[in-house]
Amino acid sequence: MPHIEVLDQNTINKIAAGEVIERPASVVKELMENAIDARATAVTVEIRDGGLSLIRVTDNGCGIPEGEVATAFLRHATSKIRTAEDLAAVGSLGFRGEALASIAAVSQVEVITKTPEQLTGLRYQIEGGAERGTEEVGAPDGTTFLVRNLFFNTPARRKFLKTAQTEGAHVASLVEKMAMSHPDISVRFIQNQQSRLHTSGNHNLKDIIYTVFGRDIAANLLPVEYESEILQIRGFAGKPVIARSNRNFENYFINGRYVRSGLVTKAIEEAYKPFMMQHKYPFVLLHLSIEPEYLDVNVHPAKMELRFRDGDWFFQMIVQAVSQALAKQELIPEVTLEKEEKISTAPVVPAPEAPRAAQAKEPEKPEQKPEKSSPVRGPEPFEVSRRKMEEEPVYQSRPMYSAAAEKTEPAAGQLDLFEEKFLEPESRKRHRLIGQLFDTYWLVEFDDHLYLIDQHAAHEKVLYERTMKSLKTREFTSQLLNPPLILTVSAAEAALLERYRRRFEEIGFEMEPFGGREYAVRAVPDNLFSVATKDLFTELLDGLSDELLAGSPDILCSRAASMSCKAAVKGNHPMSFAEADHLMDELLKLDNPYACPHGRPTMISMSRRELERKFRRIV
Ligand code: ADP
Ligand code: MG
């Protein structure tokens, strides 16, 4: 056995660096957090080759005092806490004092920094943990870090990195998160010498959403606001039309940090449940401010996961805040005819397996600016924005949000062009029912919009709600089935029926054993009379289980009510004006008329402006 020796500091640093610095994005994260902690109001991040050859982070923060620069690179050197007790109240993003030491251990670092009190700045260089020189330089207030050739001295780690394109995409996505988490800071991102993102730092979250995610999303937001003593929620909930197929668009920040929390994710999705199809996830950008004593932020070394005290209460409040936002607005998906800049600006052909952010940035081709005047193209087929958004997110560079961009693009704040009043009772008499299209959709003109209502989805919704209401309020009459329906049930089903027979009876069913494994259904709630078949009962029973029934008393009602959907008028089916008018009457009065019980939209709308753009009356 070789003899035992304590490792030298350089080796310790290299090993420890591996825990903090995994890839270029980790360097950017640490440097941006430091800039934010230094109270910068503007931060510029520049990378080349995905950050492998160069990362530059420049801030206008407080700077590092001349005499402390070298110290800042020592492990466990921090200005942010002094003792372990301080940990409880820590308000800064970093406090472990490890980042700079780790970065310097595995790259070539140059820092130029100046505090407002000093007349000149300082340039300090350190490579692989070894100091390379210090000199006075002229510099503005603030700090610039240049990190070159990451992992130059740890080839094994370098091998683990992905392509420059993928690493660059990770950085891009991180910078976006940082920008979203700090609407008060102007964040600029330059990649391969091209500007990729520039937020204004004007505190306006919607501007940031517009800059990062583009117009489709910025135009479909509902404000979320909630305030109590220990919890504040601010931000935006995307309308269900911009739902996604994965959770990547559920952005939330807690006390300014990008963190993950199963509780918060669940609460958000719970609020969206009534409006969402299965396997769809919302867009949200929420800022939660929580009294620190209710949080345990330090459970995870990367500070990404966090735990709540009184989790149930927070869960309820988050659900409530998001639900309120969703309930306030009309949620009729709007049809867009234009594919917008997607066609003209998408410069990047993403690698098929690349994540969203990977598709975003790391241009191999020069950036193309969106054309201001639409090029003349052949007409495109109608496209419903909901459909479009269902596809895996298309993501591409966005026009930068700047004063110049504002002139050519509608300002983000003005994007909600249509304060829809379609559903208000006073509006009803101004709905002009134009007629039926394809034996399936009803066209309705109202103000400057055309609405299309899917008769099947609408009727399903109406029947479902009608039945649900009558079951819940017990305002039903039972209708006798003559002859009774005889069901043959399995032993498990028989047990379920027995256990919940009283519940069934309460909502208008009458059933009794009929010998052997058979049950006789003698009466059903009147709304279900026309659809009471054996098959439907089998379906109803299939859908029930002990856990379900025990979970929520409404579940039986809702299952029963969904049977009533079977009576809905189908598509491809002529319907009279009077019937359609009546259907609209009933639909528009519902609390949530936007989606059928299976989550499909009942109506969509198209603006006059869209049409006029399509006909090139306006550009
Ligand atoms: P931590 O952020 O955990 O304190 P770091 O290694 O990231 O540890 O930074 C060490 C110290 O260097 C910080 O505590 C801070 O005092 C100083 N520092 C780092 N970056 C900056 C910056 N951009 N502006 C001002 N001070 C900085
Ligand atoms: Mg730090």
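Please read these numbers as outputs of a predicted model, since none were measured by experiment.

Asks: What is the right way to look at the overall build of the protein in this model?
Replies: A count of helical and extended segments in the protein gives 22 helices and 24 strands. Of the roughly 29,600 Å² of accessible surface on the protein, a fraction of 52% belongs to carbon and sulfur atoms.

Asks: Before we go on, may I ask you to explain the nonpolar core in this structure?
Replies: Generally speaking, nonpolar side chains in soluble globular proteins are found buried as a group. Ranked by internal contacts, the top residues of the largest apolar core, which has 61 residues, are Val 45, Phe 73, Val 175 and Phe 283. The two domains that each donate at least three residues to this core are domain 1 (9-202) and domain 2 (206-332 + 345-360). Those residues in contact with Val 175 that lie beyond four places of it in its chain are Val 28, Met 32, Val 45, Val 187, Phe 189 and Leu 197. Ranked by size, the runner-up nonpolar core spans 53 residues in total, among them Leu 222, Ala 237, Val 259 and Leu 583.

Asks: Where do I start with the site of ligand 1 in this structure?
Replies: Around ligand 1 there are 20 residues in total, and Asn 34, Thr 78, Ser 79, Lys 80 and Gly 97 lie nearest to it. Contacts to ligand 1 include Asp 59, whose side-chain N or O atom sits 2.9 Å from a nitrogen atom. Between Ala 99 and ligand 1, the recorded distance is 3.2 Å, taken from a backbone N or O atom to an oxygen atom. Here ligand 1 has 530 Å² of accessible area as a free molecule, and 93% of this is covered by the chains. Elements with a contribution of two residues or more to the shell around ligand 1: helix H4 (99-105) and strand S6 (142-148). Residue classes in the shell around ligand 1 are distributed as nine nonpolar, seven polar and four charged.

Asks: Would you take a moment to explain the pattern of salt bridges for this structure?
Replies: Where charged atoms of side chains with opposite charge meet at close range, the side chains can pair. Tallying each qualifying case throughout the model produces 24 salt bridges. For Glu 110, the salt bridge identified is with Arg 148, shortest N-O distance 3.1 Å. In this pair, Glu 110 sits in strand S3 (residues 108-114) while Arg 148 sits in strand S6, placing the two residues 38 residues apart along the sequence. Under the relative-accessibility criterion, Glu 110 is labelled buried at 8%. For Arg 148, a relative accessible area of 33% corresponds to the partly exposed category. A salt bridge links Glu 506 to Arg 502; the shortest N-O distance between them is 3.1 Å. With Glu 506 and Arg 502 both in helix H17 (residues 501-506), this residue pair falls four residues apart, about one helical turn.

Asks: Got a minute to help me understand the packing of helix H15 (residues 455-472) against helix H20 (residues 554-563) in this structure?
Replies: Packed helix pairs are characterised by how far apart their axes lie and by the angle those axes make with each other. It is at 8 Å that the axes of H15 and H20 come closest, and there the two elements cross at 140°. Judged on the interaxial angle alone, H20 and H15 are oblique. The two elements H15 and H20 cross, and the hand of that crossing is right-handed. Across from Tyr 464, Thr 467, Met 468, Leu 471 and Lys 472 in H15, the residues of H20 making contact are Asp 554, Cys 557, Ser 558, Ala 560, Ala 561 and Ser 562.

Asks: Is there a simple way to think about the confidence of the model for the protein in this case?
Replies: The predicted coordinates ought not to be read in detail in places where the model reports low pLDDT. Overall, the prediction assigns the protein a mean pLDDT of 80, with 80% of residues at 70 or greater. Below a pLDDT of 50 lies the segment residues 340-388, which in the model reaches 103 contacts outside its immediate sequence neighbourhood of four places, other chains included. With pLDDT under 50 throughout, residues 390-419 is counted as low confidence; its partners more than four residues away or in other chains account for 66 contacts.

Asks: Quick question: what am I supposed to make of the state of the cysteines here?
Replies: By definition, a disulfide links the sulfur atoms of two cysteine residues through a covalent bond. In total, this model carries zero disulfides according to the counting rule given. No disulfide involves Cys 596; its sulfur sits 7.1 Å from the nearest other cysteine sulfur, which is in Cys 565. Cys 596 gets classed as buried once you look at its relative accessible area, which sits at 3%.

Asks: Can you walk me through the sheet that holds strand S23 (residues 518-525) in this structure?
Replies: Strand pairing in a sheet relies on backbone hydrogen bonds, with the paired strands running either antiparallel or parallel. Judged by pairing direction, the sheet is antiparallel, and its three strands sit side by side in the order S21-S23-S22 without closing on themselves. Each end of this open sheet is capped by a strand with a single partner; those strands are strand S21 (478-488) and strand S22 (510-513). Adjacent strand axes in the sheet meet at a mean angle of 15°, parallel and antiparallel pairs treated alike.

Rules and cut-offs
Residues numbered from 1 in each chain as written. Chains lettered and ligands numbered in written order. Predicted model: local features only at pLDDT ≥ 70, side-chain atom pairs only at ≥ 80, totals over all residues. Heavy atoms only, no water. Helix = DSSP H or I, 4+ residues; strand = E, 2+ residues; numbered from the N terminus. Areas by Shrake-Rupley, 256 points an atom, 1.4 Å probe, with all protein chains shown as cover. Core = buried A, V, L, I, M, F, W, Y, C linked by side-chain atoms within 4.5 Å. Buried < 20%, exposed > 50% of the residue type's maximum accessible area, 1.4 Å probe, protein only. Domains from an automatic or database assignment. Contact = heavy atoms within 4.5 Å. Near = heavy atom within 4 Å. Polar contact = N/O pair within 3.5 Å; in protein donor to acceptor, adjacent residues only side chain to side chain. Nonpolar A, V, L, I, M, F, W, Y, C, P; charged D, E, K, R; others polar. Salt bridge = Lys/Arg side-chain N within 4 Å of Asp/Glu carboxyl O. Axes fitted to C-alpha atoms, helices over the stretch in contact; angles between N-to-C directions. Parallel < 35°, antiparallel > 145°, perpendicular 65-115°, else oblique. Left-handed = near helix turned anticlockwise from the far one by under 90°. pLDDT = per-residue confidence, 0-100. Disulfide = S-S within 2.5 Å. Pairing = 2+ DSSP bridges.

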